[in-house]
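# Residue-level structure breakdown
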Amino acid sequence: MVLKYGSKVIRNYFNKIHGASNGNYIVRENVKLDSYKPKKISSQNNSENYYTLSIYKVANKKLEESKVDLYKLFAKYNSNYVPTAIGAITEMNGKSYLPISTYETGHDLSYRKQVWLNLDTKNIEWEDHKEVQNTELASVDLGELGDRLSAMNSKLNTISYYDWKHQNQIMFNKKYLKGSIIESYSPKVYQLLSEKDSQFYILLDSKLEDDRVYGNVQQFIDLYQLFVPANTNLYEDITIPAELSKDGQVHQVNNKEEFEAYYDAQKDNELNKQRRVLVEQN
């Protein structure tokens, strides 16, 4: 969990703050642009525009911060490329990569490329000539828990739809935290989450997208159990797809016992490996 920087954070042209996270890294964008269309920035035009990344590596339960100036990075990699947006962190061969959407000056914005930033080395290692399309793979529909997340999360006022759909982050509405397990279990965390604009990042193998979770759903529910009152049933109306059930059938469950009887975490973990596949340019 980290706190946003409040008024010190530079917001982009959508007046939102974007980011990405996995079990090893949290990345936040700091952007200032004077128009919707990103422009090539040079040291000669005295522009106040900038585009940087704040990168937090998770190590020994602490966050190690570093920064990357994308305009300087792209000037070194290919001075004709202009960064426009980041995607979800993807893992390959034990390394974490951040996809960065770009366009080449002289081309229309619709003609985009995607470069891959190694978050360990802070270097761009390759590029794709078209954006990588997400493959629809099986995930668990959270049912009532999804509705609870929508009610508790203050996403509509604080983060963009892009972040909500693609990133493991939750922003709690303070009134919903009162009386939760976390209030007595960890008062310090409760106080931080009660602060304005605080965010909670899920640093687990499980991945939250809309009202669905994949990777390790049990981990996600066990974690989220801390943010509701004791004895709250988070398993109502959960749907386990056939691809992730122990018997290959679709199951709708309503309690933890039923969920554990049908959900196959090993299958989910195996499918998660397919979700992380990257195609490297020759």
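Bear in mind the structure is a predicted one, so any value in this text is a computation, not a measurement.

## A closer look at the sheet that holds strand β2 (residues 19–21)
- Strand order in the open sheet formed by four strands is β2-β3-β4-β5, and the pairing between neighbours is antiparallel. Of all the strands in the sheet, the pair left with one neighbour each is β2 and β5 (62–69). In this sheet, neighbouring strand axes are inclined to one another by 15° on average, regardless of whether the strands run parallel or antiparallel.
- Bridging between strand β3 (residues 25–32) and strand β4 (residues 50–59) involves eight bridges; their strand directions are antiparallel.

## Side note on empty space enclosed by the protein
- Using the criterion set out here, one finds two cavities of 30 Å³ or more in the structure.
- Each pocket or cavity is described by its volume, and for the second largest cavity that value is around 30 Å³.
- Ile170, Phe172, Phe200, Ile202, Phe220, Leu223, Tyr224 and Phe227 together form the lining of the second largest cavity.
- When residues of the lining of the second largest cavity are assigned to their parent elements, the largest contribution, three residues, is made by helix α8 (residues 217–224).

## Comments concerning the environment of Gln249
- Within the secondary structure, Gln249 is located in the loop between β16 (238–240) and β17 (251–253).
- Given a relative accessible area of 46%, Gln249 falls into the partly exposed group.
- For the pair Gln249 and Tyr262, spaced 13 residues apart in the sequence, the C-alpha separation amounts to 8.8 Å.
- Non-local contacts of Gln249, meaning those with residues more than four positions away in its chain, are made with Ile240, Pro241 and Ala242.

## Overview of the packing of aromatic side chains
- Throughout the structure, instances matching the rule amount to eight aromatic pairs.
- Both rings, one in Tyr51 and one in Tyr71, keep their centres 6.4 Å apart while their planes meet at 75°; by these two values the pair is edge-to-face. Of this pair, Tyr51 sits in strand β4 while Tyr71 sits in helix α1 (residues 70–77), placing them 20 residues apart in sequence. Taken individually, Tyr51 and Tyr71 each receive the classification buried, so the pair is uniform in this respect.
- Seen in terms of ring centroids, Tyr235 and Phe259 are 5.4 Å apart; in terms of plane orientation they differ by 55°. Their pairing is tilted. Taken together, the residues span a long stretch of sequence, with Tyr235 in the loop between α8 and β16 and Phe259 in helix α9 (residues 256–262) at a distance of 24 residues.
- Assessed through its relative accessible area of 0%, Phe259 is described here as buried.

## Section: the pattern of salt bridges
- Tallying each qualifying case throughout the model produces four salt bridges.
- Measuring nitrogen to oxygen at the nearest pair gives 3.6 Å for the salt bridge that ties Lys113 to Glu104.
- Look at Lys113 and you get buried, because its relative accessible area is 9%.
- Overall, Glu104 belongs to the partly exposed group, its relative accessible area being 22%.
- For Glu183, the salt bridge is made with Lys178, and the minimal N-O distance between the two is 3.1 Å.
- A single network of salt bridges, built from pairs that share partners, joins Glu104, Lys113 and Glu127.

## Looking at the environment of Pro83
- With respect to the helices and strands, Pro83 occurs in strand β6 (residues 81–86).
- Put simply, Pro83 and Tyr51 are 32 residues apart on the chain and 8.3 Å apart in space, counted from C-alpha to C-alpha.

## Observations regarding a negative patch on the surface
- Side chains of Asp222, Glu257, Glu258 and Glu260 sit close together on the surface and give a patch of like negative charge.
- No other element matches α9, which puts three residues into the negative patch.
- When you line up the elements, Asp222 lands in helix α8.

The rules we used
Residues numbered from 1 in each chain as written. Predicted model: local features only at pLDDT ≥ 70, side-chain atom pairs only at ≥ 80, totals over all residues. Heavy atoms only, no water. Pairing = 2+ DSSP bridges. Helix = DSSP H or I, 4+ residues; strand = E, 2+ residues; numbered from the N terminus. Axes fitted to C-alpha atoms, helices over the stretch in contact; angles between N-to-C directions. 1 Å grid on protein atoms, 1.4 Å probe; cavity = no way out; pocket = protein on both sides within 12 Å on 5 of 7 lines; lining within 4 Å. Points joined across faces, edges and corners; volume = space filled by probe spheres on them. Buried < 20%, exposed > 50% of the residue type's maximum accessible area, 1.4 Å probe, protein only. Contact = heavy atoms within 4.5 Å. Phe/Tyr/Trp six-rings, centres within 6.5 Å; stacked < 30°, edge-to-face > 60°. Salt bridge = Lys/Arg side-chain N within 4 Å of Asp/Glu carboxyl O. Patch = residues over 30% accessible without salt bridge, like charges linked within 9 Å, V, L, I, M, F, W, Y side chains within 5 Å. Areas by Shrake-Rupley, 256 points an atom, 1.4 Å probe, with all protein chains shown as cover. Lys, Arg positive; Asp, Glu negative; His and termini not counted. Charge placed at Lys NZ, Arg CZ, Asp CG, Glu CD.

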